[in-house]
Amino acid sequence: MRIFSGIQPTGRKHLGNYIGALVQWVAGQDRGDALYCLVDLHALTVPYEPEALRDAVYDTAATLLAAGLDPNRCILFRQSDVQEHSELTWLLSSVTSYGELTRMTQFKDKAGSARELVTSGLFFYPVLMAADVLVYRAEEVPVGEDQRQHVELMRDAAERFNGRFGETLVVPEARIPGVGARIMDLQFPERKMSTTGGSPQGTVYVTDEPAAILKKFRSAVTDSGTDVVRAPDKPGISNLIDILAAVRGSSPEEVEASFNGAGYGAFKQAVADAVVEYLAPVRARYEELRADESAIERILEQGAEKARAIAADTMLDVREAMGVGPVRARR
Ligand code: ATP
Ligand code: MG
């Protein structure tokens, strides 16, 4: 079983990334051959500073290692180090539909709220993401709920490719967690917690100090009621229930039962305390790992070497099937 997933090195990663994606990434190491990628090319689709991007790759790599990724049990690498991702993106442009890309909600959201240039890269983002996964012929893609539509698009691309050029690519499946697949912003609970589009007070970062975490949860937006139960008109409380369930490894129903009659104040405090305790060891490991950039760089280089070998093999088949380049005698 081959597993692939990516994360953007855009700024500090948050509790949504941690619960929605990273927890599954860590578990994936025991379930199959896992490849995890710092998708710096995806990060170019929004405004950025070159120097900051380079540093953010190290920040994010240290976060992933602190969360429990083990370079001996997974392949951790930087997307731009494996050029096959870029080549396959272009080749897949012939089997991805313009109409489908215009329907992607991530594009519509990000283009709609962009203050600067809306790049064509933002529009083409899902094709690059399809290439990321398909170039490894991965079977499973652990992601948060917001990426379901992009995984659907890459499945369509792989099926269309195989139908048009012959069985070459693997059609992957999304793996989305049952609880915590969509953690919401604490200040705007109708919007997902986001690295680039969230509110500062509503986003809990993995590396936040305990005092900052406590403050953010205490000031989380709720509603005028008092019952700790999930409901469509209680997005704030519903989100906090999901967060506590994910952090405790229990269910939202159990959380509701254990805070029956407790009131919002006590409940928010309990969520804050649980998250502080959950993230404290990760933050400590992060500080240690982030201090040694050359060690991180070595891990990424070794990862890229392993990733390249798999990707290059797929590209031989893809090019041959598409009639691109000369016919090659394989092995
Ligand atoms: P941006 O909002 O700028 O796209 P991001 O916070 O979504 O950034 P990514 O690096 O794009 O961060 O996503 C990494 C992983 O985290 C993906 O699998 C994504 O589905 C997951 N994820 C992102 N936000 C959330 C969230 N609020 N809840 C659960 N999972 C999330
Ligand atoms: Mg995202």
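Everything below is about the structure printed above this text.
All residue numbers here refer to positions counted from 1 along the written sequence of the relevant chain. Lettering of chains starts at A and numbering of ligands starts at 1, both following the order in which they are written. For a predicted model such as this one, the threshold for reporting local features is a pLDDT of at least 70, and the threshold for listing and counting side-chain atom pairs is 80 or more; totals across whole chains, interfaces and linings nevertheless cover every residue. The side-chain figures draw on all heavy atoms in the structure; neither hydrogens nor water molecules are used.

Asks: I'm lost on the site of ligand 1 in this one. Help?
Replies: Note on terminology: near, applied to a residue and a molecule or strand, indicates that one of the residue's heavy atoms is within 4 Å of it. Lining the immediate environment of ligand 1, one finds 22 residues, of which Lys110, Asp146, Ser194, Thr195 and Thr196 sit closest. Within the side chain of Lys13, a nitrogen or oxygen atom sits 3.0 Å from an oxygen atom of ligand 1. Identification of polar contacts relies on pairs of N or O atoms within 3.5 Å, with a donor-acceptor requirement for protein atoms, meaning one able to donate a hydrogen and the other able to accept it, and with residues adjacent in sequence counted only if both atoms are side-chain atoms. Here an oxygen atom of ligand 1 and a side-chain polar atom of Asp146 are 2.6 Å apart. Here, Shrake-Rupley sampling with a 1.4 Å probe gives the accessible areas, and only protein chains in the shown set may cover a residue. Contact with the protein chains hides 98% of the accessible area of ligand 1, taken as 600 Å² for the molecule alone. Taken together, the residues that form the shell around ligand 1 break down as six nonpolar, 11 polar and five charged. Asp, Glu, Lys and Arg are counted as charged, while Ala, Val, Leu, Ile, Met, Phe, Trp, Tyr, Cys and Pro are counted as nonpolar; the rest, among them Gly, fall into the polar class.

Asks: What is the right way to look at empty space enclosed by the protein in this model?
Replies: Taking a probe equal in size to a water molecule and rolling it over the atoms shows the remaining empty space. For cavity detection a 1 Å grid was placed over the protein atoms alone, and a set of points counts as a cavity when a 1.4 Å probe fits there but cannot get out; an open set counts as a pocket when protein lies on both sides within 12 Å along at least five of seven lines, with lining residues being those that have an atom within 4 Å of a point. Grid points are joined across faces, edges and corners, and a volume is the space filled by probe spheres set on the points. Enumeration over the complete set of coordinates arrives at one cavity of 30 Å³ or more. Of the pockets and cavities examined, the largest cavity occupies roughly 40 Å³. Labels follow the DSSP assignment, with helices taken as runs of H or I lasting at least four residues and strands as runs of E lasting at least two, numbered in each case from the N terminus. Considering each element in turn, the lining of the largest cavity owes the most residues, three residues, to helix H3 (residues 50-67). The residue inventory of the lining of the largest cavity, partitioned by class, reads one nonpolar, four polar and three charged.

Asks: When you look at the pairing of strand E3 (residues 74-78) in this model, what are you seeing that I'm missing?
Replies: The side chains of a regular strand alternate between the sheet's two faces. Per-residue accessibility, obtained with a 1.4 Å probe over protein chains only, is compared with the maximum for each type, and a residue is labelled buried under 20%, exposed over 50%, and partly exposed between these values. The buried fraction of E3 is high, at five of five residues. A pair of strands is treated as paired once DSSP finds two or more bridges between them. Of the strand pairs in this sheet, strand E2 (residues 33-38) and E3 are connected by five bridges, and their pairing is parallel. The residue of E3 that forms the bridge with Cys37 is Phe77.

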